[in-house]
There are 2 protein chains.
Amino acid sequence: MTNRRHFADKKVAAHCSAQHQTLSENDTPARIVPGRARTHDEDVESLDVWGFNDSKFEVNDKGVVALAGSRYDLSGEELPALLPWIRQVLSLPIDPKDIHPYDFPRTVPEPVLNDAFIAALKDILPEEQISQKAETRQRHGHGHTLEEMYAIKYGQLSRIPDVVVYPSEENQVSEIVKAAKKYNACLIPFGGGTSVTEALQCPKTERRMIASVDMRRMNRIEWIDPVNRMACIQAGAVGRHIVEQLADYGFSMGHEPDSIEFSTLGGWIATNASGMKKNKYGNIEDLVLDVTVVTAFGTLERDVALPRESVGTDPRQAVFGSEGNLGIVTSAIVKLFPLPEVQRYGSILFKNFELGMNFMHALSQQHLLPASVRLMDNLQFQFGQALKPRSVGWRSYKSKLEKYYALNLRGFDPDKMVACTLVFEGRAEDVKAQEAMVYKIGAQYGGMKAGGSNGERGYQLTFGIAYVRDFVMNHYILAESFETSVSWSQALLLCQNVKQRVMTEHAERNLPGRPFITCRATQVYDTGVCIYFYLAFSYKGVDNPTQVFNEIEVAAREEILNCGGALSHHHGVGKLRKRFMPNVMSDATLDWNRKTKHALDPNNIFGCENHLTTGVEAEN
Amino acid sequence: MTNRRHFADKKVAAHCSAQHQTLSENDTPARIVPGRARTHDEDVESLDVWGFNDSKFEVNDKGVVALAGSRYDLSGEELPALLPWIRQVLSLPIDPKDIHPYDFPRTVPEPVLNDAFIAALKDILPEEQISQKAETRQRHGHGHTLEEMYAIKYGQLSRIPDVVVYPSEENQVSEIVKAAKKYNACLIPFGGGTSVTEALQCPKTERRMIASVDMRRMNRIEWIDPVNRMACIQAGAVGRHIVEQLADYGFSMGHEPDSIEFSTLGGWIATNASGMKKNKYGNIEDLVLDVTVVTAFGTLERDVALPRESVGTDPRQAVFGSEGNLGIVTSAIVKLFPLPEVQRYGSILFKNFELGMNFMHALSQQHLLPASVRLMDNLQFQFGQALKPRSVGWRSYKSKLEKYYALNLRGFDPDKMVACTLVFEGRAEDVKAQEAMVYKIGAQYGGMKAGGSNGERGYQLTFGIAYVRDFVMNHYILAESFETSVSWSQALLLCQNVKQRVMTEHAERNLPGRPFITCRATQVYDTGVCIYFYLAFSYKGVDNPTQVFNEIEVAAREEILNCGGALSHHHGVGKLRKRFMPNVMSDATLDWNRKTKHALDPNNIFGCENHLTTGVEAEN
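Residues numbered from 1 in each chain as written. Chains lettered and ligands numbered in written order. Predicted model: local features only at pLDDT ≥ 70, side-chain atom pairs only at ≥ 80, totals over all residues. Heavy atoms only, no water.

1. Some details on the overall build of chain A
And then number 1: Looking only at helices and strands, one finds 20 helices and 21 strands in chain A.
And then number 2: Here the C-alpha atoms of chain A give a radius of gyration of 24 Å, agreeing with the 25 Å that 2.2 N^0.38 yields for 620 residues.
And then number 3: Counting only residues that meet the buried cut, chain A has 66% of its 620 residues in that class.
And then number 4: Partitioning the contacts of chain A with sequence separation of at least 6, the portion at a separation of at least 24 is 77%.
And then number 5: Just so you have it, chain A exposes about 22,200 Å², and 49% of that area is on carbon and sulfur atoms.
And then number 6: Separation between the mean location of the 68 positive side-chain charges and that of the 75 negative ones in chain A comes to 4 Å. (Helix = DSSP H or I, 4+ residues; strand = E, 2+ residues; numbered from the N terminus. Rg over C-alpha atoms; globule rule 2.2 N^0.38 Å. Buried < 20%, exposed > 50% of the residue type's maximum accessible area, 1.4 Å probe, protein only. Contact = heavy atoms within 4.5 Å. Areas by Shrake-Rupley, 256 points an atom, 1.4 Å probe, with all protein chains shown as cover. Lys, Arg positive; Asp, Glu negative; His and termini not counted. Charge placed at Lys NZ, Arg CZ, Asp CG, Glu CD.)

Here is the structure:
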């Protein structure tokens, strides 16, 4: 895997921290101003499916699945076990030649036109920063929920943005907001387009002209301050570019969401994102020191970024999770971490999920969490095995040996065993000490070390797996992920009940085959854990397949809430989960949000209507 | 110091963490419901000065200062060096017999009476939960700024609460808020009364009846959940009781503000507090998982407390730093930490402040921060020496030896050297490793280890020093503390400039003697540091002494802002620092707060007017 790019895999620093610069009374902050991010010609994104254009799962002439291209660990390798395994799990004879065909792009709704607003936009922006193309408009009207991806291939989005604008500086954003206010238009901010909560969908009843404000041109790292460990980054900067550029200067933000290849800093803030290494670096709200936001009545901004303050209610806190309702984030000052001296992967096998979860709990209680520790349940462990390439040589040999040891010598049951992947980062001696402690605790729960390469593979698989959903959709399978967080004592119950509920709901509908429902425990806290589910089933011969899927997903969500789980750990609410807000918030809490929205944006300029119903329309 | 109570000094756990309780699918969360906190008959608080009634600095017959009582390390010991040192620093012949006499209590303003509101309160609360006593009303109309403490002894507070209510349950708080709304009264929440920002002062122009809502009866730990490491605690619980009670079950909140003996959980949240061990445990916003708040239109509350969520804009974030403007916090769910296996103190001497600050910066950059690390400048180091008791035996001998070594053998200049105190907490082996690293880095900056007992003394001195301000006020000396946070590269400049500015301002006013201005670096961050100043000078023969003091403090604050410092790191804004809000926030940010306040509390029930001017009055 040497020649593959690992987006989330930062360079490891030669030294633990940058050379210590001596402080003195005469300091002037030395800020580095990097150039523009390197862009790669081959980094073209697909419009009809997830990810890069060059990477797609396909069935080759031999009837074997392979991921095209050379971008990921999986890329270019035949995956002979995958199709047979899917058939087995879904209990259906999936025929690779039986494709659900689609036309793309399909026709899109006619735009609502507000000539005065368009004229104002043309005054503010050069021509190349405004697009009214149907295909562009459509791409800005959805994220990556399965309903959306199904709709753009087999149906239609009923309302999409009428125009897309690409501001290149903050002042343009301010002017666009003023124009929207003056000419009664609606604005929906757009980052990487990776939302999985329908946050980018346009409200169906919106009659005003809608402009999608695409932040991709505001993608610069404005400065890096190595002494004070901060960087100012524009909101449209994409995760993979942030990682690459900061690494050039020996730093990292430490924020690695699954979507890091495509999602943006502004999107992370607006959705209150969480990264896979949050155990070491924190979640987005821990990483952002300051944020500049253009609102309907001016710009929230500061002259200095301070380590920590107590200066009254901080409006910027309301921007985390605001999902586009309150304004447009244009830049943020974020904390920096030196690249770790070492980065080491690891993995541990446990005999069952309960033992693995107890191991995770023990790690958290003893404050011994590595940068990342994730526990796959048995089905997801099997999925990982099914994604193993037809490779030969040492790796395969070692893998066979391990398998033998696991299955025969220690009584690991292939239908019960689970795998935990570990990523350690830090000073060499600290990592060494931490590894020893972690594996010792693992052994207390009957865990068997399964090596660094399995750990690395498991960790990096996240990026490749993201392409599976659109692949299987071609073969009449709908798949989706959803997540929650829950206190430790409820975690096992929640995992069990959600799976059971999905089985029941699936069975009651007489759907073909069996459903695929699996989970992993990802981000870990002293008080609980994030649980991440995958759900899939065949819709061959099913009427209104996405509606049926949605019903089952809603049932799963109900079960999550019944078990004391969160409505969302890091995906957000958007419109997909909005109906559940009264289940998780008191009336006063919902009122608070409505009242503040109405006070701050009385004309509902930021009218995406995510996670709350403003009632602005009713009052206007 | 064995028989002294260390409020902030938790029991150390016999084992690093509570026995790991195995998770299973059949778990029901096992919550412990503790009894009421133990109260101690001798814990009577003074009304005219800081702290407990039994603890006061006094000059004895021999003309030597001693702290009465037996509560603190310093208690009962003669401090022969203190007065001579104060004389030297202030360059004035302070005569201990020259006392500024005062009458206490003084007459207070007549109450504004709203009979309908009082009748409503009497319907809601039993008689003993309502007080209209002058003395009680006055105590609820101020915190502990020097202007306030001077006013209650030598002047008058111009507006104080008209009634004090003591709700004992959340429902009573809700009913009080409804009554205030119905009968147009004003409510100001009251916790420990330790505010140093005039947050508890009543707006002078408030014509409505003002009720101070004293939360002391809502002081229970409602439950402790050891598996999920959470506790639900009522907002009126006082720090020292929280520490004692949680320790009974092997836990700690890890939050140790200087005011921990008196301040409350609700107050910590409302002021966005920070504790001395935040390096290990976090600040209040990191420690609170959930908060219940009675607002003007209902109660913000949740059924479950979750480790982390992404469920839209979270109104509860606005409660941190809300300073009483938006509602009354009635309880919170907080994270728990197991009591540390070991707790070790340490100290290091450096040749000057700059070396010490570079040491602190290096620790932060290498993520090697102990639970607490604080650096006193030379004057504060001297202050610590001047507070040394006339003691004999080993401690004194060792102290002399160290002094000799420091001054003669290594060229430490007593007028330049500084001291750093350290507190390590955690697993024995981790603490050992951390100590080795920290002292190694200390040595790189020429630091000399000065032992654990000096470190412990320095750390615990905080609690005793708090009594000095009211003692010196008897002797015509005004003293106050103020704090900021600042990025590392500006920190030394800020310390120097603020001291210089105070010197200049003092000189320009022809005040007696010289001012005492000193600082320490306390809470430490990757990106910067909290700086805590003490300012004092004699007002013998000065007209309007508190006004003069205030002018100099304002100048110091201006200098802090000029150097890129925060308006406050953890004290808050209140009314004392309100004038500076436009210097640190954009118009839109201030507007946001005004608009939300107006939307959420249109009648300005929560009318304490801290950190913002609502404009509600103008509009009413």
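2. A short note on the sheet that holds strand β13 (residues 328-335) of chain A
And then number 1: Within the open sheet, the 5 strands sit side by side as β8-β9-β13-β11-β12 (chain A). Their pairing is antiparallel. This sheet does not close on itself; its edge strands, each paired only once, are β8 (221-225) and β12 (298-300) of chain A. Averaged over all neighbouring strand pairs, the angle between strand axes comes to 10°, with direction disregarded.
And then number 2: Here strand β11 (residues 288-295) of chain A runs beside β13(A); their pairing, made up of 6 bridges, is antiparallel. Residue A:Thr292 lies in a different strand from β13(A), and its bridge partner there is A:Ser331.
And then number 3: Strands β11, β12 and β13 of chain A of the sheet are contacted by helix α5 (residues 170-182) of chain A, whose axis makes an angle of about 40° with β11(A).
And then number 4: Across the sheet, helix α19 (residues 587-600) of chain B touches β11 and β12 of chain A, and the angle it forms with β12(A) is around 90°. (Pairing = 2+ DSSP bridges. Axes fitted to C-alpha atoms, helices over the stretch in contact; angles between N-to-C directions.)

3. Overview of the sheet that holds strand β7 (residues 210-214) of chain B
Residues and elements named next belong to chain B.
And then number 1: Read from one edge of the open sheet, 4 strands run β4-β5-β7-β6, paired in mixed fashion. Both outer strands of the open sheet, β4 (130-131) and β6 (186-190), are each paired with one neighbouring strand and no more.
And then number 2: Of the strand pairs in this sheet, β4 and strand β5 (residues 163-165) are connected by 2 bridges, and their pairing is antiparallel. In the sheet register, Ser131 faces β5, and the bridge partner there is Val164.

4. With respect to the relation of the copies chain A and chain B
And then number 1: Mapping chain A onto chain B is achieved by rotating through 180° and translating by 0.0 Å along the same axis, at an RMSD of 0.0 Å. What the superposition gives is, in effect, a two-fold axis relating one chain to the other. When C-alpha positions in chain A are compared against the rotation axis, the closest is assigned to A:Thr596, at 2.7 Å.
And then number 2: The fraction of interface residues of chain A whose copies in chain B are also interface residues reaches 100%, indicating that both copies meet through the same surface. (Least-squares fit on C-alpha atoms with pLDDT ≥ 70 in both.)

5. As for the pairing of strand β16 (residues 372-376) of chain A
All names here are of chain A.
And then number 1: In terms of burial, β16 is largely enclosed, as 5 of its 5 residues are buried.
And then number 2: Burial of β16 is two-sided: the residues Ser372, Arg374 and Met376 facing one way and the residues Val373 and Leu375 facing the other way are all buried.
And then number 3: Relative to strand β17 (residues 418-426), β16 is paired through 5 bridges, and the arrangement is antiparallel. Residue pairing across strands places Val373 opposite Leu422, the latter belonging to β17.

6. Considering the interface of chain A and chain B
And then number 1: Listed as interface residues are 99 residues of chain A and, on the opposing side, 99 residues of chain B.
And then number 2: Contact with chain B buries surface across chain A, with A:Glu25, A:Arg308 and A:Trp592 losing the most and accounting together for 11% of the total.
And then number 3: Salt-bridge contacts for B:Glu285 lead to A:Arg308; the nearest nitrogen and oxygen are separated by 2.6 Å.
And then number 4: Taken together, the links from chain A to chain B amount to 46 residue pairs in polar contact (both at pLDDT 80 or more).
And then number 5: For the side of chain A that touches chain B, the leading source of residues is helix α19 (residues 587-600) of chain A, giving 9 residues.
And then number 6: When its residues are assigned to classes, the side of chain A that touches chain B shows 41 nonpolar, 43 polar and 15 charged. (Buried area = accessible area lost by both parts, 1.4 Å probe. Salt bridge = Lys/Arg side-chain N within 4 Å of Asp/Glu carboxyl O. Polar contact = N/O pair within 3.5 Å; in protein donor to acceptor, adjacent residues only side chain to side chain. Nonpolar A, V, L, I, M, F, W, Y, C, P; charged D, E, K, R; others polar.)

7. As for the environment of A:Glu435
All names here are of chain A.
And then number 1: By the element assignment, Glu435 lies in helix α13 (residues 428-444).
And then number 2: We classify Glu435 as buried; its relative accessible area is 10%.
And then number 3: When near neighbours in sequence (up to four residues on either side) are disregarded, Glu435 contacts Arg344 and Phe424.
And then number 4: At a separation of 2.7 Å, a polar atom in the side chain of Glu435 contacts the side chain of Arg344.

8. Concerning the packing of helix α1 (residues 82-90) of chain B against helix α11 (residues 378-386) of chain B
All names here are of chain B.
And then number 1: Packing of α1 against α11 brings their axes to within 9 Å, and their N-to-C directions diverge by 150°. Classified by the interaxial angle, the pair formed by α1 and α11 is roughly antiparallel. Residues Leu82, Trp85 and Val89 of α1 form the contact with α11, whose own contacting residues are Leu379, Gln382, Phe383 and Ala386.
And then number 2: Of the residues that constitute the contact of α1 with α11, the class distribution is 6 nonpolar, 1 polar and no charged. (Parallel < 35°, antiparallel > 145°, perpendicular 65-115°, else oblique.)

9. Description of the nonpolar core
Generally speaking, nonpolar side chains in soluble globular proteins are found buried as a group.
Residues and elements named next belong to chain B.
And then number 1: Grouped together as the largest cluster of nonpolar side chains are 100 residues, with contacts concentrated most on Phe57, Leu187, Met253, Leu265 and Ile269.
And then number 2: Considering every element that reaches this core, the biggest residue donor is α1, with 6 residues.
And then number 3: Leaving out residues up to four positions away in the same chain, Met253 has contacts with Ile233, Ile242, Leu246, Leu265, Trp268, Tyr281, Ile284, Leu287, Val334, Lys335 and Phe337. (Core = buried A, V, L, I, M, F, W, Y, C linked by side-chain atoms within 4.5 Å.)

10. Quick look at the side chain of B:Arg71
Residue and element names in this part refer to chain B.
And then number 1: Position of Arg71 relative to the elements: it lies in the loop between β2 (65-67) and β3 (78-79).
And then number 2: Residue Arg71 is classed as buried on the basis of its relative accessible area of 5%.
And then number 3: Reaching out from Arg71, the side chain makes a polar contact with the backbone oxygen of Glu42 at a distance of 3.2 Å.

11. Side note on the pattern of salt bridges
Residues and elements named next belong to chain A.
And then number 1: Going through the model one piece at a time under the given rule, you end up with 66 salt bridges over all chains.
And then number 2: In this structure, the salt-bridge partner of Arg71 is Asp54, at a minimum N-O distance of 2.8 Å. Taken as a pair, Arg71 in the loop between β2 (65-67) and β3 (78-79) and Asp54 in the segment before β1 (57-59) lie far apart in primary sequence, 17 residues in all.
And then number 3: Of the charged contacts in the structure, one is a salt bridge between Asp601 and Lys597, with a shortest N-O distance of 2.7 Å.

12. Quick notes on unusual backbone geometry
And then number 1: Note that the residue after A:Phe104, namely A:Pro105, is joined by a cis bond; omega there is -5°.
And then number 2: Here A:Pro105 lies in the loop between α1 (82-90) and α2 (115-124).
And then number 3: With a phi close to 65°, A:Glu198 is a non-glycine residue in the positive phi region.
And then number 4: If you trace the backbone, A:Glu198 turns up in the loop between β6 (186-190) and β7 (210-214).
And then number 5: Looking at A:Glu198, the relative accessible area reads 12%, which means it is buried.
And then number 6: In this structure, B:Asn184 takes a positive phi of about 55° despite not being glycine.

13. A few points about α19(A)
And then number 1: An ideal rise of 1.5 Å per residue puts 20 Å on 14 residues; α19(A) measures up with 20 Å between its terminal C-alpha atoms.
And then number 2: Structurally, α19(A) contributes buried residues whose contacts are with α18 (581-584) of chain A together with β11 (288-295), β12 (298-300) and α19 of chain B. (Expected span 1.5 Å × (residues − 1).)

14. So, the confidence of the model for chain A
Residues and elements named next belong to chain A.
And then number 1: In the predicted model, chain A carries a mean pLDDT of 92, and 92% of its residues have values of at least 70.
And then number 2: Confidence over residues 1-5 falls short of pLDDT 50; this stretch has 14 contacts with residues more than four positions distant or in other chains.
And then number 3: In this model residues 616-620 is a low-confidence stretch, pLDDT under 50, and it forms 10 contacts with partners more than four residues away in sequence or in other chains. (pLDDT = per-residue confidence, 0-100.)

15. A word on the packing of helix α4 (residues 146-154) of chain A against helix α17 (residues 545-562) of chain A
Residues and elements named next belong to chain A.
And then number 1: Axis separation between α4 and α17 bottoms out at 10 Å; the angle between their running directions is 180°. The angle between α4 and α17 falls in the class roughly antiparallel. Along its contact with α4, which presents Leu146, Glu147 and Tyr150, the element α17 presents Pro545, Thr546, Phe549, Asn550 and Glu553.
And then number 2: In terms of residue class, the contact of α4 with α17 is built from 4 nonpolar, 2 polar and 2 charged.

16. Some remarks on the packing of aromatic side chains
Residues and elements named next belong to chain A.
And then number 1: With the rule as written, the count across this model stands at 38 aromatic pairs over all chains.
And then number 2: Through pairs of rings, three or more aromatic residues link up here, namely Tyr102, Tyr150, Tyr154, Tyr476 and Tyr539.
And then number 3: Sitting over the ring of Tyr532, Arg520 keeps its end group 4.7 Å from the ring centre. (Phe/Tyr/Trp six-rings, centres within 6.5 Å; stacked < 30°, edge-to-face > 60°. Lys NZ or Arg CZ within 6 Å of the ring centre and 35° of its normal.)

17. Observations concerning the environment of A:Val319
Residue and element names in this part refer to chain A.
And then number 1: Within the element layout of this structure, Val319 appears in the loop between β12 and β13.
And then number 2: It is 9.7 Å that separates the C-alpha atoms of Val319 and Thr292, two residues lying 27 residues apart in sequence.
And then number 3: Residues contacting Val319, with those up to four places away along its chain left out, are Ile269, Ala270, Val293, Leu300 and Val329.

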